[in-house]
Amino acid sequence: SENSEYISAHSLKAGYNLLSFSVLPEDQSLNLVIPGAGSESSILGIIGEGVAASYIHTDSFGNNFYGWFGSLIYLSPNAGYWIQCTRDNILIVQGNKNKNSNFELHTGSNLISYKCAIPGAIDELIQNENNCIDGILGQGVAALSAYSGWVGSLTELLPGSGYWFKVNNECG
């Protein structure tokens with residue numbers, strides 16, 4: 001039904017993970033979505049487009065103090081994020097499913113989400129008639145726009161992943 005809640009599970013590896021959140025609770029604050037677990041927290045930081053937050057374990061005096069600090073306050077279902085982990089982990093998020101798939105891209109690099117439930121081929125998903133998208137970068141994969149279409153190791157967008165879209169001046 002329209003009021004149903006969804007559950008999303010993100011498999012995080014030690015290191016950096018490029019992902020997105022198509023399922024978020026009504027309150028999308030970072031403290032609620034990724035609450036941390038004190039000194040046992042395996043998620044150390046989150047970087048978005050122009051925003052970031054670090055999970056701090058101690059204050060400047062050496063006292064135990066746990067919480068998120070930085071310019072990233074709320075998570076957006078339209079944005080992609082780099083999540084830094086100390087070990088492999090599963091992040092469970094419960095909330096509403098965001099199904100909007102329209103994005104307003106600005107000139108330069110745009111870190112966006114892929115919110116569909118199934119993988120999608122980039123040559124079918126992305127309308128690039130005026131060649132305004134120069135390339136797409138995912139975690140360990142990339143594609144460039146060429147005269148013959150998309151070339152590179154990135155052939156499809158995956159659910160729950162984030163992607164950098166490089167947009168040129170013609171499209172911005």
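Everything below is about the structure shown above.
Position numbers for residues count from 1 along each chain, tracking the sequence in the order it is written. In keeping with the predicted nature of the model, local features appear solely for residues at pLDDT of at least 70, side-chain atom pairs appear and are counted solely at 80 or more, and the whole-chain, interface and lining totals rest on all residues. To obtain the side-chain values, all non-hydrogen atoms of the structure were included, while hydrogens and water were left out.

Asks: I'd love a proper account of the overall build of the chain, names of residues and values included.
Replies: Each helix corresponds to a stretch of at least 4 residues labelled H or I by DSSP, and each strand to a stretch of at least 2 residues labelled E; elements are numbered beginning at the N terminus. Summing up its helical and strand segments, the chain has two helices and 15 strands in all. The C-alpha atoms of the chain give 17 Å as radius of gyration, which agrees with the globular expectation for 172 residues (16 Å, within 12%). Judged by the C-alpha coordinates and their principal axes, the chain covers about 60 × 40 × 25 Å. Within the chain, buried positions represent 38% of all 172 residues. Contact definition: two residues touch when any of their heavy atoms are within 4.5 Å. Across the chain, every contact between residues at least 6 apart in sequence was considered, and the portion connecting residues at least 24 apart equals 69%. To get the radius of gyration, use the C-alpha atoms; to get the globule rule, take the number of residues to the power 0.38 and multiply by 2.2 Å. For each residue, the accessible area found with a 1.4 Å probe, counting protein chains only, is set against the maximum for its type, and the residue is called buried under 20%, exposed over 50%, and partly exposed in between.

Asks: Describe the sheet that holds strand β1 (residues 6-12), naming the residues involved and giving the relevant values.
Replies: Pairing is antiparallel in the open sheet, where three strands are placed in the order β1-β8-β3. With partners counted over all chains shown, the strands left at the sheet margins are β1 and β3 (23-24), one partner each. Between any two strands, pairing holds if DSSP finds at least two bridges. With two bridges joining them, β3 and strand β8 (residues 89-97) adopt antiparallel strand pairing. Note that in β8 the partner of L24 across the bridge is N96.

Asks: Could you give an account of the layout of surface pockets, with specific residues and numbers?
Replies: Space inside and on the surface of the protein is sampled on a 1 Å grid over the protein atoms alone, with a cavity defined as a set of points where a 1.4 Å probe fits but cannot get out and a pocket as an open set with protein on both sides within 12 Å along at least 5 of 7 lines; lining residues have an atom within 4 Å of a point. Grid points are joined across faces, edges and corners, and a volume is the space filled by probe spheres set on the points. Of the volumes computed, that of the largest pocket is approximately 420 Å³. If you trace the largest pocket, you find 17 residues lining it, with S101, F103, L125, I126 and F165 closest to the centre. Tallied by class, residues from the lining of the largest pocket come to twelve nonpolar, four polar and one charged. Here the second largest pocket is characterised by a volume of approximately 290 Å³. Along the wall of the second largest pocket there are 19 residues; nearest its centre are L18, Q139, L158, S161 and Y163. Looking at the lining of the second largest pocket, the elements that each hand over two or more residues are β1, β2 (15-20) and β15 (162-167). Under the scheme applied, nonpolar residues are Ala, Val, Leu, Ile, Met, Phe, Trp, Tyr, Cys and Pro; charged residues are Asp, Glu, Lys and Arg; polar residues are all the others, including Gly.

Asks: Give a detailed account of the side chain of N168, specifying residues and quantitative values.
Replies: Inspection of the secondary structure assignment puts N168 in the segment after β15. A relative accessible area of 13% means that N168 is categorised as buried. A polar atom in the side chain of N168 sits 2.9 Å from the backbone oxygen of N131. A polar contact of 3.0 Å, which involves the side chain of N168, links it to the side chain of D134. Filtering out sequence-adjacent residues up to four positions away, N168 remains in contact with T107, N131, C132 and D134. Think of a polar contact as two N or O atoms within 3.5 Å of one another; within protein, one of them needs to be a possible hydrogen donor and the other a possible acceptor, and neighboring residues in sequence only count if both atoms come from side chains.

Asks: Go over the environment of P25 with me, naming the residues and quoting the values.
Replies: Mapped onto the elements of the fold, P25 is located in the loop between β3 and α1 (30-33). For P25, a relative accessible area of 15% gives the class buried. P25 sits 136 residues away from S161 along the chain, and the two C-alpha atoms are 18 Å apart. Contact partners of P25, with chain neighbours within four places excluded, come to L32, V33, V93, Q94 and G95.

Asks: An account of the sheet that holds strand β4 (residues 43-48) is needed here, citing residue identities and associated values.
Replies: Here we have five strands laid out as an open sheet, ordered β2-β7-β4-β5-β6, and antiparallel in their pairing. Among the strands making up the open sheet, the edge pair consists of β2 and β6 (64-70). The average angle at which neighbouring strand axes cross in this sheet is 20°, direction not considered. Across six bridges, the pairing between β2 and strand β7 (residues 80-85) is antiparallel. Considered in β7, the bridge of N17 is made with I83. Only the stretch in contact is used when a helix axis is fitted, and all axes are lines through C-alpha atoms; the angle between N-to-C directions ranges over 0 to 180 degrees.

Asks: Before we move on, could you go through the pairing of strand β13 (residues 149-152) and cite the residues and values that matter?
Replies: The pairing of strand β12 (residues 142-146) with β13 spans four bridges and is classified as antiparallel. Across the sheet, the residue bridging to L144 is V151, located in β13. As consecutive antiparallel partners, β12 and β13 are separated by two residues.

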